[in-house]
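Residue-level structure breakdown
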Amino acid sequence: MELRGAFPEEFRSQLDLLMRLRRDVRRFRSVPVEEAVLMRCLSAIPLAPSVGLSEPWRILRVDSDTARAAALRNFEKANAEALKGYSDDRASKYAQLKLSGMRDAPVQLAIYCDDETAQGHGLGAATMPEMRRYSVVTAVTLFWLALRAEGLGLGWVSVLDPEQLNRDLAAPAGWQLIGYFCIGYPERQSDTPELQEAGWESRMADLPLQTR
Ligand SMILES: Cc1cc2nc3c(=O)[nH]c(=O)nc-3n(C[C@H](O)[C@H](O)[C@H](O)COP(=O)(O)O)c2cc1C
């Protein structure tokens, strides 16, 4: 822990590149992920900020064929339901999107927030209990960047019925699903979101920053 003050310019430009090349990945190569590499990336999670130092992140590793099949069924049902919410061009565009890599991803994790944790003694969460969930999201972001730095990709799947998934994975009561995550080596690298490439949505031209 020698470094004081700013990191060197070279590091900052590499960090900028890392953030620019972080993508949501849905297409994975059929290459296994070394356990040591996965563990190194997971060790970024406890480095995240958390409200009251509550560390409410909880991880279920989804390895068994049965659990993976249930999660995939869940996604396919929710995705078919979501498609019904669109019509005309949007519906045909939606139908062409690939919204999960659950068939191919070598590593799959369900990440939860323990809404009932006593850790942190409720500090910062009294008026806004959702802060615990936001804490888990910050942890996912660090994990995402750590994976990308190792050449790995992560895909966030939220097109799911969370209650069904909780039952299928026997998640403890009081845990709230933050997301289902597919992890593996990506088929390709890009600096542009896949949804933008697919013509679904584009990034905003400017940061929506106002002054009061
Ligand atoms: C909370 C959250 C939920 C998401 N859920 C899904 C999802 O269910 N399926 C999917 O393909 N992408 C999902 N994404 C990925 C977004 O589509 C993606 O982040 C966005 O299009 C920008 O692309 P990028 O992450 O490559 O920059 C999710 C992202 C977030 C942050």
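Residues numbered from 1 in each chain as written. Predicted model: local features only at pLDDT ≥ 70, side-chain atom pairs only at ≥ 80, totals over all residues. Heavy atoms only, no water.

**Some thoughts on the site of the ligand**
- Every residue close to the ligand is listed here: Arg22, Arg23, Asp24, Arg26, Leu99, Trp156, Val157, Ser158, Val159, Pro193 and Leu195.
- Between the ligand and the protein, one listed contact pairs a nitrogen atom with a backbone N or O atom of Leu99 at 3.0 Å.
- At 3.3 Å from an oxygen atom of the ligand is found a main-chain nitrogen or oxygen belonging to Val159.
- Relative to its unbound accessible area of 620 Å², the ligand is 72% covered by the protein chains.
- Within the shell around the ligand, the residues separate by chemical class into six nonpolar, one polar and four charged. (Near = heavy atom within 4 Å. Polar contact = N/O pair within 3.5 Å; in protein donor to acceptor, adjacent residues only side chain to side chain. Areas by Shrake-Rupley, 256 points an atom, 1.4 Å probe, with all protein chains shown as cover. Nonpolar A, V, L, I, M, F, W, Y, C, P; charged D, E, K, R; others polar.)

**So, the sheet that holds strand β1 (residues 57–61)**
- Read from one edge of the open sheet, four strands run β1-β2-β4-β3, paired in antiparallel fashion. For this open sheet the edge positions go to β1 and β3 (153–157), each flanked by a neighbour on one side alone. Neighbour-to-neighbour, the strand axes of this sheet turn through a mean angle of 30 degrees, independent of strand direction.
- Strand direction decides the pairing type here: β3 and strand β4 (residues 175–184), joined by five bridges, are antiparallel. Its bridge partner being in β4, Val157 is matched across the sheet by Tyr180. (Pairing = 2+ DSSP bridges. Helix = DSSP H or I, 4+ residues; strand = E, 2+ residues; numbered from the N terminus. Axes fitted to C-alpha atoms, helices over the stretch in contact; angles between N-to-C directions.)

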